[in-house]
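# Structure assessment
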Amino acid sequence: NPFKKIKPGDKIIFLKDHEIKEIKSKSPKKVKNLHNFLTTFYQKAKDCKQFSIIMTRGEKENINRFTKFLRNKTNQPILIERFGLETLISFIPHINLSKHTDLFNDLQTLAMENPSIVIGITNYPLLNLSKYETIRFSIDSLEHAALLPPPKIAVFDSITFNLRGDKYFIKGDIYSATQEY
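Right, let's walk through the structure included here. Along each chain, residue indices are assigned from 1 in the same order as the chain's sequence is written. Totals for whole chains, interfaces and linings use every residue, but because this is a predicted model, local features are given only for residues with pLDDT of at least 70 and side-chain atom pairs only at 80 or more, for both listing and counting. For side-chain calculations, the full set of non-hydrogen atoms in the structure is used, while hydrogens and water are omitted.

## With respect to the pairing of strand β4 (residues 118-124)
Classification of residues uses two cut-offs on accessible area relative to the type maximum, computed with a 1.4 Å probe and protein chains only: under 20% is buried, over 50% is exposed, and between them is partly exposed. Numbering of helices and strands runs from the N terminus; a helix is a DSSP stretch of H or I covering at least four residues, while a strand is a stretch of E covering at least two. Among the seven residues that make up β4, seven are buried, leaving the element largely enclosed by the rest of the structure. The two faces of β4 match: Val118, Gly120, Thr122 and Tyr124 on one face and Ile119, Ile121 and Asn123 on the other face are all buried. Strands qualify as paired when DSSP identifies two bridges or more between them. When strand β1 (residues 51-57) meets β4, the two strands line up antiparallel, connected through seven bridges. Residue Arg57 lies in a different strand from β4, and its bridge partner there is Val118. Alignment of β4 against strand β5 (residues 152-155), held across four bridges, turns out to be parallel. In the strand pairing of β5, Ile119 is matched with Ile153. The β-α-β motif built from β4, the intervening helix α5 (residues 133-146) and the parallel element β5 has left-handed crossover chirality. Every crossover in which the path from the first strand over the helix to the second runs clockwise, viewed with the strands pointing away from the viewer, is termed right-handed.

## Focus: the packing of aromatic side chains
Under the pairing criterion, centres of Phe, Tyr and Trp rings, with the six-membered ring standing for Trp, must be within 6.5 Å; the plane angle then separates stacked pairs below 30 degrees from edge-to-face pairs above 60, leaving the rest tilted. Per the counting criterion, the structure on display carries 10 aromatic pairs. Pairing Phe41 with Phe51 gives two aromatic rings, centres 5.6 Å apart and planes at 80°, and the pair type is edge-to-face. With Phe41 in helix α2 (residues 34-45) and Phe51 in strand β1, the pair connects residues that are 10 residues apart, well separated along the chain. The exposure class assigned to Phe41 is buried, which follows from its relative accessible area of 0%. On the numbers, 5.2 Å between centres and 15° between planes, the contact of Phe51 with Tyr124 is stacked. With Phe51 in strand β1 and Tyr124 in strand β4, the pair connects residues that are 73 residues apart, well separated along the chain. With relative accessibility at 16%, the residue Tyr124 sits in the buried group. Three or more aromatic residues joined by ring pairs form one cluster here, namely Phe41, Tyr42, Phe51, Phe91, Tyr124 and Tyr132.

## Here we look at helix α3 (residues 60-73)
Owing to its 3.6 residues per turn, the α-helix aligns residues three or four sequence positions apart on the same side. What a helix is expected to span follows from its residue count: subtract one and scale by 1.5 Å. Taking 1.5 Å of rise per residue, 14 residues should cover 20 Å, and α3 covers 20 Å from first to last C-alpha, within 8% of that figure. Every buried residue of α3 is listed here: Asn62, Ile63, Phe66, Thr67, Phe69 and Leu70. Taken end-on, α3 shows its buried residues confined to a sector of 165°, consistent with a single buried face. Exposed residues pointing more than 90 degrees away from the buried face of α3 are listed as Lys60, Lys68 and Asn72. We call two residues in contact when some of their heavy atoms are within 4.5 Å. In the core, the buried residues of α3 are packed alongside β1, β2 (79-82), β3 (87-93), α4 (101-113) and β4. Here the arc refers to the directions that run from the helix axis out to each C-beta atom.

## Comments concerning the environment of Arg65
Within the secondary structure, Arg65 sits in helix α3. Residue class for Arg65 comes out partly exposed when judged on its relative accessible area of 42%. C-alpha separation for the pair Arg65 and Asn114, spaced 49 residues apart in sequence, amounts to 9.1 Å. Sequence-distant contacts of Arg65, defined by excluding residues within four places in its chain, comprise Leu110 and Asn114.

So this is what it looks like as structure tokens:
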């Protein structure tokens, strides 16, 4: 967590090369790093009329459950990659979760069973936003979900825009806040 404050006595533990290779070999991800994820996303999104981006944060075992759940429930080839220390980003082509109620309900059940998990969803199409803006807005949907009681799951909507506006307003950027509102 980049916002976690460092306290006296905190330690940084460096992994040895063989430990890093072991972690990578156990990883279920198809994409090797965020750069490859974004490159693949940009290529695949061109051909999609609809898709969903899901940002997920939580404890490691719950993230692993989420990954297995997503791979089992979708018949689409999905991309999943780390988007920070405790966050995953997932791209589900050709599925808009707002319209796929069975999958969305199953996702809510998963979030209810695992209260540490936070899920933010941004679907395309969304208003007049470009396909590539969905990644930026999926971060906001994750922040929106973190404010909710369990199940901590939010789909990008007008409330998320208001939260974005509030962030700008707090910083004193009235013009940007007004645009978001």
